[in-house]
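# Per-entry structural report
Below are the chains, spelled out letter by letter.
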Amino acid sequence: MSKAKTYDVLVVGAGVFGAWTALQLARRGQSVLLIDAYGPGNSRASSGGESRIIRMGYGADELYTRWAVRSLVRWKEMFAETANSSALFHETGVLWLGSKEYARLNEMTAVLKRCKVPFESLSSSAIVQRYPQFSSHDLGAGILETESGVLMARRAVATVVEEALSLEVEYRQALVSPPQAADAQSAGLNAISTSDGEKISAGQFVFACGAWLGKIFPEILGSRIFSSRQEVFFFGVPPGDSQFSAPSLPTWLIQSDEVYGVPDLESRGFKIAFDSHGERVDPDAQTRVVSAESIERVRAYVAKRFPALANAPIVETRVCQYENTSNGDFLIDRHPEINNVWFAGGGSGHGFKHGPAFGEYLAQQILDGGPAEPRFSLASKATEQKRAVY
């Protein structure tokens, strides 16, 4: 019998963070096994669903702006190599709306200028003239990121995995048993087990399991990863009417309302969701059906902000989850007791776009070491939520 293969790195979780980490490691010559319990970008994952916004604006937070800029370049490079690249990124533009006194827009303007992000500043009159779809009487200022837009999430993750497989990353669908500190030796963990009893050996182990991180490592992360229920709605647009499609309507965010939306893409409907954190949930146990209360709430909001859609039908809904850290910063750090086990998560509702930069950073930490970003450390993650990254 041949000896079982030992991988350089085993990555658990084939969402956007795990997929890009596996790919970046493979690009640096590592032998990698990527494992997921349900499949890349599956419908239970935070990386599932049709679309995710890729925007550069983070107020005064330049770290994430620079990561987003770098990631958009990497996404475009990958899509340019695929046969159907135009379908995976839609350059809708991203419109930020707020009051004249909304300081975050001024902070964002300064950072976008430093990072050389193309944008336009819009006055209240310009907003009314250019985007009559909005009821914008209380929105006195706007910023339009002209080259930002929307990633087609589920298919984008599948594309990353396909690229990783072309570089000899192996993929397996399996349920991994949580590693225990007692299983580790002085050199770290040697292997992990799957639910069918198979043991898989590797030199390094990355757990990029999103909302499941707290369940896999309950003593360490159970009180530091907050999985919240997030409901998403698609409204049918009027027949023959293009005002709710790009380029007539960009992707938009109104942070004072804690609401964002995506124009009608690929005839799926006008997407809208509340960005405020929903109730805490178990990703395995929560119902994936939207509540009657949420339907009533979103209908009232749409009627207020988009009068032409006041009586529009809801044509599709989704229930997913964010995996939030205490303040919204990512978690990219070693297990405190097992030196070759890495935590990779904390997407906190804004992480999808950053997949390329996230994977690049983690691959560098694993292979090269060097200074780590303090904001991503386990030590910086508290047990009470106080959101600071939007």
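An account of the accompanying structure is given in this report. (Residues numbered from 1 in each chain as written. Predicted model: local features only at pLDDT ≥ 70, side-chain atom pairs only at ≥ 80, totals over all residues. Heavy atoms only, no water.)

## Remarks on the overall build of the protein chain
- Across its full length, the protein chain carries nine helices and 18 strands.
- What you see for the protein chain is a C-alpha radius of gyration of 21 Å, in line with the 21 Å of a compact globule of 390 residues.
- Overall, the protein chain is about 70 × 45 × 45 Å in size when its C-alpha atoms are taken along their principal axes.
- Counting over 390 residues, the protein chain shows a buried share of 55%.
- For the protein chain, the accessible surface area stands at approximately 16300 Å², while carbon and sulfur atoms represent 49% of it. (Helix = DSSP H or I, 4+ residues; strand = E, 2+ residues; numbered from the N terminus. Rg over C-alpha atoms; globule rule 2.2 N^0.38 Å. Buried < 20%, exposed > 50% of the residue type's maximum accessible area, 1.4 Å probe, protein only. Areas by Shrake-Rupley, 256 points an atom, 1.4 Å probe, with all protein chains shown as cover.)

## What about unusual backbone geometry?
- With an omega dihedral of 10°, the bond running from alanine 246 to proline 247 counts as a cis peptide bond.
- Relative to the elements of secondary structure, proline 247 occurs in the loop between strand E12 (226-235) and strand E13 (251-254).
- A positive phi angle, close to 60°, is found at serine 267, a residue other than glycine.
- On the basis of relative accessibility, which here comes to 71%, the residue serine 267 falls in the exposed class.

## A closer look at the sheet that holds strand E8 (residues 149-152)
- Read across the open sheet, the three strands follow the order E3-E8-E4; overall the sheet is antiparallel. Because the sheet does not close on itself, it has two edges, and the strands there are strand E3 (51-54) and strand E4 (89-90).
- With respect to the sheet, helix H5 (residues 153-166) is in contact with E3 and E8, its orientation differing from that of E8 by roughly 60°. (Pairing = 2+ DSSP bridges. Contact = heavy atoms within 4.5 Å. Axes fitted to C-alpha atoms, helices over the stretch in contact; angles between N-to-C directions.)

## As for the sheet that holds E12
- Taking strand neighbours across the sheet as the criterion, the eight strands line up as E6-E7-E5-E13-E14-E15-E12-E16 in an open arrangement whose pairing is mixed. Edge positions in the sheet fall to strand E6 (119-123) and strand E16 (314-324), since each of these pairs with one other strand and no more. Across the sheet, the mean angle separating the axes of adjacent strands is 20° when strand polarity is ignored.
- Where strand E14 (residues 259-262) lies against strand E15 (residues 270-274), four bridges are found, and the strand directions are antiparallel.

## Digging into helix H2 (residues 62-80)
- If you check H2, its first and last C-alpha atoms are 27 Å apart, about what 19 residues at 1.5 Å a residue would give, namely 27 Å.
- Restricting attention to buried positions, one finds in H2 the residues Leu63, Tyr64, Thr65, Trp67, Ala68, Ser71, Leu72, Trp75, Met78 and Phe79. (Expected span 1.5 Å × (residues − 1).)

## Let's talk about the packing of aromatic side chains
- Counted according to the given criterion, the structure contains 25 aromatic pairs.
- Plain terms: the ring middles of tyrosine 64 and phenylalanine 376 are 6.4 Å apart, the flat faces sit at 50° to each other, and that makes the pair tilted. Of this pair, tyrosine 64 sits in helix H2 while phenylalanine 376 sits in the segment after helix H9 (355-368), and the two are 312 residues apart along the sequence. By the burial criterion, tyrosine 64 is buried, and phenylalanine 376 matches it.
- Its end group placed over the ring of tyrosine 58, arginine 55 keeps NZ or CZ at 4.1 Å from the ring centre. (Phe/Tyr/Trp six-rings, centres within 6.5 Å; stacked < 30°, edge-to-face > 60°. Lys NZ or Arg CZ within 6 Å of the ring centre and 35° of its normal.)

## Notes on the packing of helix H1 (residues 16-27) against H2
- Contact pair H1 / H2: the axes reach a minimum separation of 14 Å and the direction vectors enclose 75°. Judged by the inter-axis angle, H1 sits roughly perpendicular to H2. Across the interface between the two elements, Val16, Trp20, Leu23 and Arg27 of H1 pack against Arg74, Trp75 and Met78 of H2.
- Class assignment of the residues belonging to the contact of H1 with H2 gives a composition of five nonpolar, no polar and two charged. (Parallel < 35°, antiparallel > 145°, perpendicular 65-115°, else oblique. Nonpolar A, V, L, I, M, F, W, Y, C, P; charged D, E, K, R; others polar.)

## Observations regarding the side chain of serine 377
- Structurally, serine 377 can be placed in the segment after H9.
- By relative accessible area, which is 18% here, serine 377 ends up buried.
- In contact with serine 377, not counting residues within four places along its chain, are Leu331 and Asp333.

## Concerning the packing of H1 against H9
- At a closest axis distance of 8 Å, the pairing of H1 and H9 adopts a crossing angle of 55°. Between H1 and H9, the angle falls in the class oblique. Considering only the axes of H1 and H9, their crossing is right-handed. Contacts between H1 and H9 pair Val16, Phe17, Trp20, Thr21, Gln24 and Leu25 from the former with Gly355, Pro356, Phe358, Gly359, Glu360, Leu362, Ala363 and Leu367 from the latter.
- Taken together, the residues of the contact of H1 with H9 break down into nine nonpolar, four polar and one charged. (Left-handed = near helix turned anticlockwise from the far one by under 90°.)

## So, H9
- The first and last C-alpha atoms of H9 sit 19 Å apart over 14 residues, in line with the 20 Å expected at 1.5 Å per residue.
- Most of H9 is tucked away: 10 of the 14 residues are buried.
- Along H9, the residues classified as buried are Gly355, Pro356, Ala357, Phe358, Gly359, Tyr361, Leu362, Ala363, Gln365 and Ile366.
- Those residues of H9 that are buried are in contact with H1, H2, strand E11 (199-207), strand E17 (331-334) and strand E18 (341-345).
- Taken from the residues just after H9, glycine 369 is the one with a positive phi, measuring 70°.

## Section: the side chain of serine 71
- Turning to its location among the elements, serine 71 is positioned in helix H2.
- For serine 71, a relative accessible area of 0% gives the class buried.
- Not counting residues within four places of it along the chain, the set of residues in contact with serine 71 comprises Lys353, His354, Gly355, Pro356 and Ala357.

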